[in-house]
Amino acid sequence: MSLAKMPDNRPQSPEPQKKNFLENKALKSILKSRWYPGIIQIPVLIVFSLIVFELMAGPSAAHDNFGTAGTWVLWWPIIPIAFLFLGRFWCAVCPFGTVSDWVQKFVGNKRPVPKFLKKYGIWIIDITFILITWSDHTFGVVENPRGSGFLLLLITTGVIASGAFFERRTWCRYVCFLGGLSGNYARSGSLELHATPEKCAKCTTQSCYKGNGKIAGCPMFEFPRAMDSMASCNLCANCIKACPNDSIQLSPRVPTKGLWFIRKPKFEESFLAIVIMGIVFVQNITMLQVWESILTQLENFVGTTNYFITFTITFIIAMGIPVLALFASSYASKLANQRSTFENFARFGYALIPLDLAGHIAHNLFHLLAEGKSVIFTFMGLFGMQIHEQSTAIVSTSTIQILQYTLIVIGTFGSIFTAYKISKSNFEAEGKTMGSLMPFAILSLVLAAANIYLFALPMAMRM
């Protein structure tokens, strides 16, 4: 039986005053301007339209297609870095969100979010993420420009339907797989939007959430006064514009701090965190030059050359091992803190997000730095200028590997430190901090070692 946490009656030192970026008049005027974020949304939507057109009507070879290079060599590697430094800012200017806003404005019914989406939205995101990764490798979505274009158009169709029927950004908050990924990563990011409690206590308008007639309410269904994380805030600045008391602040914070004191940890969010680790493993394994020999051995073992079957087996194993490892760590932690395995899974799964983020960035760093020039070459190809027999690499492979190893080391430290802070805040009063922490610290080190081993092997290119 767990012991009740005794109240701490020691004098508490006041929390240091946070720096408020909105004290910068230029930045504040930009965020409060009626042109923000639209002035960024329009160019992004134009580029997105060009990319979709090129994917569907451009060269059929990924090597020659600007849409493929722009999506998978440039945008996909940069997006997790943006989540680390700017939170979900991308979601404020994302073309899918922009389309949803426009559809809703002109033909939207603005119905309430269905209860099943509120309850199971994260699971829908989890399943969608897994299926997209599986279909990518099974049907060659990334390597096939038409497949990538079809995926983007399919998402656009869902966005239009959501905007036509439901209020605000229902798709972005409850359905978008990228939104789920960004929500997890934004928790560990270095930017925080928060309200001033003293000012909010006197407020009766709630215009930050509802809007004020001129400014729409929060599109992501967030109430700044009650926010305890950046998981759903997309920095659209509606609350900054609508607040009559100048209560909203935008501050820097220590990376990973948003993961330390989650009041209501959710099993499905921790499940997404460990699944992302499995997805990074899948991406790494299938892009290794030794993948073909591994595949041949697997074909001999199962007795079939059907790629659908052999990859699905590989996929299930790569997904299942990290999940089972987190369950095993949660059970080991249970022996120390007497909480259930599922409770430990939900609570400590968040600690793996820094390593997730590091692994994701490290994997995509290879594509960005080893194939980055392909973005320039394929863009020139749009105007009939052809570049032949030139390397697409920006830096050498050895430099990329050093950067990858460095990222994994930093991510591992971030995960272990996060697990320590989670354990300390929940179990220090019971004297069970280290016992609760150690299984997850060991798990982080094992996952880090697996990542480093995979990054040490030669990797094939997309372009």
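Residues numbered from 1 in each chain as written. Predicted model: local features only at pLDDT ≥ 70, side-chain atom pairs only at ≥ 80, totals over all residues. Heavy atoms only, no water.

**Some details on the nonpolar core**
The following threshold applies: Take the buried Ala, Val, Leu, Ile, Met, Phe, Trp, Tyr and Cys residues and link them wherever side-chain atoms come within 4.5 Å; each set so joined is a nonpolar core. Relative accessible area decides the class of each residue, using a 1.4 Å probe on protein chains only: under 20% of the type maximum gives buried, over 50% gives exposed, and in between gives partly exposed. In what follows, residue pairs with any heavy atoms lying within 4.5 Å of each other are defined as contacts.
By size, the foremost hydrophobic cluster in this structure holds 96 residues, and its most contacted members are Trp90, Leu178, Leu181, Ile274 and Leu447. For Trp90, the contacting residues outside a window of four places in its chain are Val44, Trp75, Ile79, Phe83, Pro95 and Leu178. Of all hydrophobic cores here, the second largest spans 19 residues; its members include Leu22, Leu31, Cys233 and Cys239.

**Remarks on the environment of Val113**
As a reminder of what qualifies: Put simply, DSSP marks the helices as runs of H or I at least four residues long and the strands as runs of E at least two long, and each gets a number from the N terminus on.
With respect to the helices and strands, Val113 occurs in the loop between helix 5 (95-107) and helix 6 (115-139). For the pair Val113 and Ser162, spaced 49 residues apart in sequence, the C-alpha to C-alpha distance is 9.7 Å. Setting aside residues up to four positions removed in sequence, Val113 forms contacts with Lys118, Glu167, Thr170, Tyr174 and Phe221.

**Quick word on the side chain of Ser270**
Put simply, the rule reads: Polar contacts, as used here, are pairs of N or O atoms within 3.5 Å; protein pairs need one atom able to donate a hydrogen and one able to accept it. Residues neighboring in sequence count only if both atoms are side-chain atoms.
With respect to the helices and strands, Ser270 occurs in helix 13 (residues 267-286). The exposure class of Ser270 is buried, given its relative accessible area of 0%. At 2.6 Å, the side chain of Ser270 forms a polar contact with the backbone oxygen of Ala346. In this structure, Ser270 is in contact with Leu326, Phe345, Ala346, Arg347, Gly349 and Tyr350, ignoring residues within four places of it in sequence.

**Remarks on the pattern of salt bridges**
Where we set the bar: When a carboxyl oxygen of Asp or Glu is within 4 Å of a side-chain nitrogen of Lys or Arg, the pair counts as a salt bridge.
Inspection of every chain in the model, using the stated rule, returns eleven salt bridges. Close ionic contact of Arg169 with Asp101 constitutes a salt bridge, the shortest N to O distance being 2.8 Å. Of this pair, Arg169 sits in the loop between helix 7 (145-165) and helix 8 (170-174) while Asp101 sits in helix 5, placing them 68 residues apart in sequence. Of the residues examined, Asp101 reaches a relative accessible area of 27% and is grouped as partly exposed. For Lys432, the salt bridge identified is with Glu430, shortest N-O distance 3.7 Å. When sorted by exposure, Lys432 lands in the same class as Glu430, which is buried. Within the structure, one salt-bridge network assembled from shared partners comprises Arg339, Glu343, Arg347, Glu430 and Lys432.

All we've got here are geometric facts, nothing functional implied.
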